[in-house]
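Survey of secondary and tertiary structure
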Amino acid sequence: MARVVVDVMLKPEILDPQGQAIAAAGSRLGFEGLKEVRQGKRFEVEIDGELDDAAVAEVRRMAETLLANTVIEEFEVRPAS
């Protein structure tokens, strides 16, 4: 059994109102030096068998079709540490 992490983030050119709200709240709460906050999602996918190239490709395909809206989001697939 292996675990793969998929991180999904809005593309840099897409406005992130939730990240802006977090940054504004952080400033109000006294956290200094916050320039920008971007909010994203993290998925941990557990798969049967070894983590080989085929398994990573399958998780990548799942991320592209199910976990991320590739029009406005980008994703990264990596082995869990």
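Before reading on, note that the structure itself is shown above.
These notes cover the structure that comes with them.

Definitions and limits used
Residues numbered from 1 in each chain as written. Predicted model: local features only at pLDDT ≥ 70, side-chain atom pairs only at ≥ 80, totals over all residues. Heavy atoms only, no water. Helix = DSSP H or I, 4+ residues; strand = E, 2+ residues; numbered from the N terminus. Rg over C-alpha atoms; globule rule 2.2 N^0.38 Å. Buried < 20%, exposed > 50% of the residue type's maximum accessible area, 1.4 Å probe, protein only. Contact = heavy atoms within 4.5 Å. Lys, Arg positive; Asp, Glu negative; His and termini not counted. Charge placed at Lys NZ, Arg CZ, Asp CG, Glu CD. Core = buried A, V, L, I, M, F, W, Y, C linked by side-chain atoms within 4.5 Å. Pairing = 2+ DSSP bridges. Axes fitted to C-alpha atoms, helices over the stretch in contact; angles between N-to-C directions. Salt bridge = Lys/Arg side-chain N within 4 Å of Asp/Glu carboxyl O.

What follows covers the overall build of the protein. Along its length, the protein carries 2 helices and 3 strands. Tracing the protein from N to C terminus, the helices and strands come up as β-α-β-α-β. For 81 residues, the compact-globule estimate of 2.2 N^0.38 gives 12 Å, and the C-alpha radius of gyration of the protein, at 16 Å, exceeds that figure by more than 25%. Dimensions of the protein along its principal axes, counting C-alpha atoms only, are 50 × 25 × 15 Å. Within the span of the protein, comprising 81 residues, buried residues form 23% of the whole. Once local pairs closer than 6 in sequence are excluded, the contacts in the protein between residues at least 24 apart make up 74%. The distance from the centre of the 10 positive side-chain charges to the centre of the 16 negative ones in the protein is 6 Å.

It is worth spelling out the side chain of Asp 16 at this point. Note on placement: Asp 16 falls in the loop between strand E1 (2–10) and helix H1 (17–28). Excluding residues that lie within four positions of it along the chain, Asp 16 makes contacts with Leu 10, Val 37, Arg 38 and Gln 39.

Our focus in this paragraph is the nonpolar core. Grouped together as the largest cluster of nonpolar side chains are 12 residues: Ala 2, Val 4, Val 6, Val 8, Val 45, Ile 47, Ala 55, Val 59, Ala 63, Leu 67, Ala 68 and Val 77. If you list the elements that add at least two residues to this core, you get E1, strand E2 (40–47) and helix H2 (53–67). Setting aside residues no more than four positions away along its own chain, Val 6 makes contact with Lys 41, Arg 42, Phe 43, Val 45, Val 59, Ala 63, Leu 67, Phe 75, Glu 76 and Val 77.

Here we take up the sheet that holds E2. One open sheet holds the 3 strands; their spatial order is E2-E1-E3, and the pairing between them is antiparallel. A single partner strand is all that each edge strand has here, and the edge strands are E2 and strand E3 (73–79). Averaged over all pairs of adjacent strands, the angle between strand axes in this sheet comes to 20°, irrespective of strand direction. Bridge count between E1 and E3: 7 bridges; the pairing is antiparallel.

For the structure on display, the rule yields 6 salt bridges. Here Glu 44 and Arg 42 are joined by a salt bridge, their closest N and O atoms 2.7 Å apart. For Glu 44, a relative accessible area of 44% corresponds to the partly exposed category. Between Glu 58 and Arg 61 there is a salt bridge whose closest N-O contact spans 3.0 Å. Placement of both Glu 58 and Arg 61 in helix H2 is noted, with a separation of 3 residues, approximately one turn of the helix. Overlapping salt bridges, with partners in common, bring together Arg 3, Arg 42, Glu 44 and Glu 46 in one network.

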